[in-house]
Amino acid sequence: MGQPGSAYSLEKPEQKLETHTMSVLVDNEPGVLARVIGLFSGRGYNIESLTVSETEHEAHLSRITIVTTGTPMVIEQIKHQLDRLVPVHSVTDLTVCGETIERELALVKVAGVGEKRVEALRLAEAFRANAIDASLEHFVFEITGRQSKIEQFVALMQPLGLVEVCRTGVAAIGRGPERM
Amino acid sequence: MSANENGSVTMTGAQIVLQALADQGVEHIFGYPGGAVLPIYDELFQQERIKHILVRHEQGAVHAAEGYARSTGKVGVVLVTSGPGATNAVTGLTDALMDSIPVVCITGQVPTHLIGNDAFQECDTVGITRPCTKHNYLVKDVNQLAKVLHEAFYVARSGRPGPVVVDIPKDIQFMSGTYKGVSNSQHKSYVPPREGDQAAIDAAVEAMAKAKRPIFYTGGGVINAGPAASKSLRELVHMTGYPITSTLMGLGSYPASDKQWLGMLGMHGTFEANNAMHDCDVMICIGARFDDRITGRLDAFSPGSTKIHVDVDPSSINKNVHVDIPIVGDCAYVIDQMIAAWKARNPSIDKEAHARWWDQIETWRKRKCLHYRNKSDVIMPQYAVERLFALTRGKDTYITTEVGQHQMWAAQYFHFDEPNRWMTSGGLGTMGYGIPAAVGVQMAHPDSLVIDIAGEASVLMTMQEISTAVQYDLPVKIFILNNEYMGMVRQWQELLHGGRYSHSYSEALPDFVKLAEAYHAVGIRAEKPAELDDAIREMIETPKPVIFDCVVDKTANCFPMIPSGEAHNNMLMGDDLTDEDIENAISEEGKVMV
């Protein structure tokens, strides 16, 4: 007998996971972020990254950018589930809506002396990271870019005395003159 | 206190609540007082427009509001206090969410300056109810209260209906603020769809016209869309001549007495409905959601059929089953659009193929899947429901149920010809739903016959609501199929766990006749088939609440049944099972499922 296929089946058919970036326009009211996060935890969806801030002060609208992974069916579910929350104005799957620019900011603290310290500074210049705090024993670099660039920079800092990292999560916007 | 010309007037928060309810056309609310809602109860006391029904437990208040809502199409309204009042309501709210029932639940809250201080009877109501409501609000500004209340009614009844909680701190209830009447302006973010996309409807009608083995599969969405949707559904189904089946929640939207009706589908659906679903080439799903009780084994669910799905909630589409032609829209509009498209097209359908399809369906029907072995010395539960159905013909009857075997027997042997007559907990499966729901239904329909087809285990979960029925002279009939077991649990233990009946037998049950008398209701008992009819007649004729203790066969099982992990065309039938069949009914893989 093959795999049982009820909704309670332990194994789901193998489907390729996709990573999507969604932009969600919401009323900036108390609890709205809890609704979004609760939806993801309650239904077992993944959050890779989430950023939120009020973007239109007069209309009290906030923009939430969520990076999530799932099968195509789950991605479609996430979009519809978000869309039916009452304070949600719009949900845009930026990954399928043409070209998108994604950026993340990270603060990277590196401690060290001598050759390692020089190497860290040299790499920071190559990555166009700014030193925004420094002493004779450390730097704090500010770096902006796609997630892959930040991952790479952090990996390079690891042997050079990486102390800690703080990342903002992804902010994303569509290319071209149109509003999403 | 009526609103003046520009629609705004100053009043206290508690007065705003009553005014908003009146302006929303509310006549009845179900509730239970407590410290944090006393100002609202004080206003209730000083008016006569809105009648309050005092329940015995807040869960009962929500179920009563659900029964009221389901049987009338109106929004059910609940009023409870903070803390335990709100947490007791959670089961009812979740039930209403799962079954898409419009309910507005007003909860009291501790004064705003105490929120977050672990005050007496404080709980994070909006936090707790966030995942079990369609939407919820905490009102911190009395000037926003009227707007929030009107919005709560709009959200509860629009699109896919559901429960909405409005949490009102006690100081807001005392504070004075501006009342604004119902606004007609469009909601800024929540605007559910109505008409379906015409291109999708044309594609659906084209597929329907070309079908050789079509079937309609309808659900509670048709009932939620109002009586007009059920009427349109009948027209569409008659027009096409295609067979129709329905989910548990959709019973009554299409008349069970009609020849195109195949009975309910799913885990305890009929042989003909499930086989027709499995073998169809075009499935027209309207207002149902491919729930796991319906689909059974997903990878073997209706293989090879073209699936059309009409739903007002886009998140229901492609959730469990891939759909070929999705139509997002309100059934009330989409069915009419389908009728218009069908008429415009005036299709020449394949009559020969349809005749073959109906022949096939007839052979399935001949299997007589609901046949059971009746007994002369003990009442079979199926027989009890059949007799109840027969003896209530011609009466204005509403049925509620609890959850378990009796619920499935009610769905199988009590037949519905009209929508809004059948109130049951489908999605959440809440034992204890039936009595309070019957109270709500009877409140809305004081002269009708309201019967809760119940099990003796479920009924004890909310038995105290009989007291509510007695207080308000609501002559509800609680028809208990008493087999002393949690029957469905016992059945699964028999099928799955080698007959080890772990804690499914109630060793100490009350004497239900004496219990009825203790509540000042009427108790009736039937133990033999010969006395059943007279006892049922007596129950129907008693103008008071009745608890009917129908002592039935203790080990009857509910068949037919799709064992978990199996497909629609692999059903267990009741009349020819051996002990060995039962032993091997469910595969090892199937046993891990619910």
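For the structure itself, consult the block above.
Residues numbered from 1 in each chain as written. Chains lettered and ligands numbered in written order. Predicted model: local features only at pLDDT ≥ 70, side-chain atom pairs only at ≥ 80, totals over all residues. Heavy atoms only, no water.

## So, the overall build of chain A
Rules: The helix count covers DSSP runs of H or I at least four residues long, the strand count covers runs of E at least two residues long, and both are numbered beginning at the N terminus. When we talk radius of gyration, it's over C-alpha atoms, and the globule rule is simply 2.2 Å times the number of residues to the 0.38. Buried, partly exposed and exposed residues are distinguished by accessible area as a fraction of the type maximum, computed with a 1.4 Å probe on protein chains only: under 20%, between the cut-offs, and over 50%, respectively. Note on areas: Shrake-Rupley with a 1.4 Å probe; residue coverage comes only from the protein chains shown. Under this rule, positive means Lys or Arg and negative means Asp or Glu; His and the chain ends count for nothing. Charged groups are reduced to one reference atom each: NZ for lysine, CZ for arginine, CG for aspartic acid, CD for glutamic acid.
The helix and strand inventory of chain A stands at 4 helices and 9 strands. For 180 residues, the compact-globule estimate of 2.2 N^0.38 gives 16 Å, and chain A exceeds it by more than 25% at 20 Å. The C-alpha extent of chain A, read off along each of the three principal axes, is 60 × 55 × 30 Å. Sorting the 180 residues of chain A into buried and exposed places 38% on the buried side. Carbon together with sulfur atoms contributes 53% to the accessible area of chain A, which is approximately 10100 Å² in total. Of the charged side chains in chain A, 18 are positive and 24 negative, and the gap between their average positions amounts to 2 Å.

## Some thoughts on the packing of aromatic side chains
Convention followed: Paired rings are identified among Phe, Tyr and Trp, the last through its six-membered ring, by centres lying within 6.5 Å, and are further divided according to the angle between planes into stacked (under 30 degrees), edge-to-face (over 60) and tilted (the rest). In our convention, an over-ring charge means Lys NZ or Arg CZ found within 6 Å of a ring centre and within 35 degrees of that ring's normal.
The full count for this structure, using the stated rule, is 19 aromatic pairs over all chains. When the centroid spacing of 6.2 Å and the interplanar angle of 80° are considered together, the rings of Y154(B) and Y190(B) count as edge-to-face. Within this pair, whereas Y154(B) is found in helix α6 (residues 142–157), its partner Y190(B) is found in the loop between β8 (176–180) and α8 (198–210), the two being separated by 36 residues in sequence. For Y154(B), a relative accessible area of 24% gives the class partly exposed. Y190(B) gets classed as buried once you look at its relative accessible area, which sits at 9%. Their ring planes at 25° and their centres at 6.5 Å tell us that Y254(B) and W261(B) sit as a pair that is stacked. Given the relative accessible area of 1%, Y254(B) is considered buried. In this structure an aromatic cluster arises from ring pairing among F127(A), F139(A), F141(A) and F153(A). Over the ring of Y485(B) we find R490(B); its NZ or CZ atom is 5.7 Å from the centre of that ring.

## Notes on the nonpolar core
All names here are of chain B. The following threshold applies: Throughout, nonpolar core names a set of buried Ala, Val, Leu, Ile, Met, Phe, Trp, Tyr and Cys residues whose side chains join them through atoms within 4.5 Å. Two residues form a contact once any of their heavy atoms are found within 4.5 Å.
I286, I308, I327, M338, F479 and F548 are the most contacted members of the largest nonpolar core, which has 84 residues in total. Ranked by the residues each element gives to this core, the list is headed by helix α13 (residues 331–345), at 8 residues. Once residues within four sequence positions are removed from consideration, F479 is found in contact with A384, L388, I451, D452, I453, A454, I536, M539, F548 and C550.

## Details of unusual backbone geometry
Working note: non-glycine residues mostly have negative phi, and peptide bonds are mostly trans. Residues and elements named next belong to chain B. For the bond running from F559 to P560, omega is -5°, close enough to zero to count as cis. In this structure, P560 sits in the loop between β20 (546–551) and α23 (579–583). Of note in this structure, S100 is not a glycine but carries a positive phi near 55°. Taking the relative accessible area as the measure of exposure, S100 reaches 6% and is therefore buried.

## Section: the sheet that holds strand β17 (residues 449–455) of chain B
Residues and elements named next belong to chain B. Heads up, the condition is: Pairing between strands is defined by DSSP: at least two bridges between the two strands are required. Here the axes come from fitting lines to C-alpha atoms, over the contacting stretch only for helices, and the angles between their N-to-C directions go from 0 to 180 degrees.
Within the open sheet, the 6 strands sit side by side as β16-β15-β17-β18-β20-β19. Their pairing is parallel. In this open sheet, the two strands that pair with only one neighbour each are β16 (422–423) and β19 (522–526). Inspection of the sheet shows β17 paired to strand β18 (residues 477–482) by 5 bridges, in the parallel sense. In the sheet register, G455 faces β18, and the bridge partner there is L481. Across the sheet, helix α15 (residues 381–391) lies against β17, β18 and β20, angled at about 155° from β18, the strand it touches most. Strands in contact with helix α16 (residues 405–413) are β15 (397–401), β16, β17 and β18; relative to β17, the strand with the most contacts, it is inclined by about 135°.

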